[in-house]
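# Architecture at a glance
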Amino acid sequence: MNSNENTPNEPAVTPGNGGSAETNPGEANPPAPESIEQRLAELEARHASVSDAYLRAKAEAENTRRRAEEEMSKARKFAIEGFAESLLPVCDSLEAAIALKTAEHATGSAQQMLEGVHATLRQLLAALERNKVMPINPPAGTRFDPHQHQAISMVPAEQEANTVVTVLQKGYQIAERVLRPALVTVAAPK
């Protein structure tokens, strides 16, 4: 007997069953059409839900970005609002002094005018201080600091070399940043 021949106990192989006489017991039966349609409907609903959540999150991110841009724009635009408000009383005092001078045709004393100027200067310095603008006014003998001082000249002096002799013009700084260095004369080496 030939090994290729069918024996009476073996089932015949037909082309329709893929070389197997019986169905593979590990394969599941295909799902019923109703369960496929139900699964498709579930997946479509889940897809719609996820798509909606994505669109909402995208819109929220866009709104947050737009609000942040508006806040930054306002912050830049009105950054000096507090500073300007603190200078308004100084402006009012100067305008009042000019109006008083004009109204009295110089009948007020020079002493009163000087007192008014000093009061206005105090208002201005207080406004600057409230906004963290501080003067740089080093006393004589202070070590020269090129970050805060600008030397105009070196002069012979009876003090240590490279120290401040006189301040010609005060400097100013805001926080730790120099707005304008103090103009100073510096002691020359002996």
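To keep things clear, this report deals only with the structure shown in the data block. (Residues numbered from 1 in each chain as written. Predicted model: local features only at pLDDT ≥ 70, side-chain atom pairs only at ≥ 80, totals over all residues. Heavy atoms only, no water.)

A word on the overall build of the chain. Scanning the chain from N- to C-terminus turns up three helices and six strands. Going from N to C terminus, the chain has its helices and strands arranged as α-α-α-β-β-β-β-β-β. With 190 residues in all, the chain has 11% of them scored as buried. Counting only contacts in the chain whose residues sit at least 6 apart along the sequence, the fraction spanning at least 24 positions is 61%. Accessible area for the chain stands at about 15100 Å²; split by element, carbon and sulfur atoms hold 58% of it. (Helix = DSSP H or I, 4+ residues; strand = E, 2+ residues; numbered from the N terminus. Buried < 20%, exposed > 50% of the residue type's maximum accessible area, 1.4 Å probe, protein only. Contact = heavy atoms within 4.5 Å. Areas by Shrake-Rupley, 256 points an atom, 1.4 Å probe, with all protein chains shown as cover.)

Turning our attention to the sheet that holds strand E6 (residues 182–187). The mixed open sheet is built from three strands, whose spatial order is E2-E6-E3. If you trace the sheet from one side to the other, it starts and ends with strand E2 (149–155) and strand E3 (164–169), each paired once. Put simply, the sheet's adjacent strands are angled 30° from each other on average, direction ignored. With four bridges connecting them, E3 and E6 associate as antiparallel partners. Across the sheet, the residue bridging to Val-164 is Val-186, located in E6. (Pairing = 2+ DSSP bridges. Axes fitted to C-alpha atoms, helices over the stretch in contact; angles between N-to-C directions.)

What follows is about the pattern of salt bridges. Within this structure, the stated rule accounts for seven salt bridges. Measuring nitrogen to oxygen at the nearest pair gives 2.5 Å for the salt bridge that ties Arg-65 to Glu-69. On the criterion of helical spacing, the pair formed by Arg-65 and Glu-69 is a turn pair, its members being four residues apart in helix H1 (residues 33–77). Relative accessible area serves as the criterion here: at 37%, Arg-65 is assigned to the partly exposed category. On the basis of relative accessible area, Glu-69 is assigned to the partly exposed category, the value being 47%. Across the pair Glu-70 and Arg-66 runs a salt bridge whose closest N-O atoms are separated by 3.3 Å. In this pair, Glu-70 and Arg-66 both sit in helix H1, four residues apart, roughly one turn of the helix. The class of Glu-70 is partly exposed, set by a relative accessible area of 39%. (Salt bridge = Lys/Arg side-chain N within 4 Å of Asp/Glu carboxyl O.)

Once that is clear, we can look at the sheet that holds strand E1 (residues 133–136). Strand order in the open sheet formed by three strands is E1-E4-E5, and the pairing between neighbours is antiparallel. The open sheet is flanked by E1 and strand E5 (177–180), the only strands paired with a single partner. Taking the axes of each pair of neighbouring strands and ignoring which way they run, one obtains an average angle of 35° across the sheet. Of the strand pairs in this sheet, E1 and strand E4 (residues 171–174) are connected by four bridges, and their pairing is antiparallel. By the bridge assignment, Ile-136 is partnered in E4 with Gly-171.

Bringing the side chain of Thr-185 into the picture now. Its place among the elements puts Thr-185 in strand E6. Reaching out from Thr-185, the side chain makes a polar contact with the side chain of Thr-166 at a distance of 2.7 Å. (Polar contact = N/O pair within 3.5 Å; in protein donor to acceptor, adjacent residues only side chain to side chain.)

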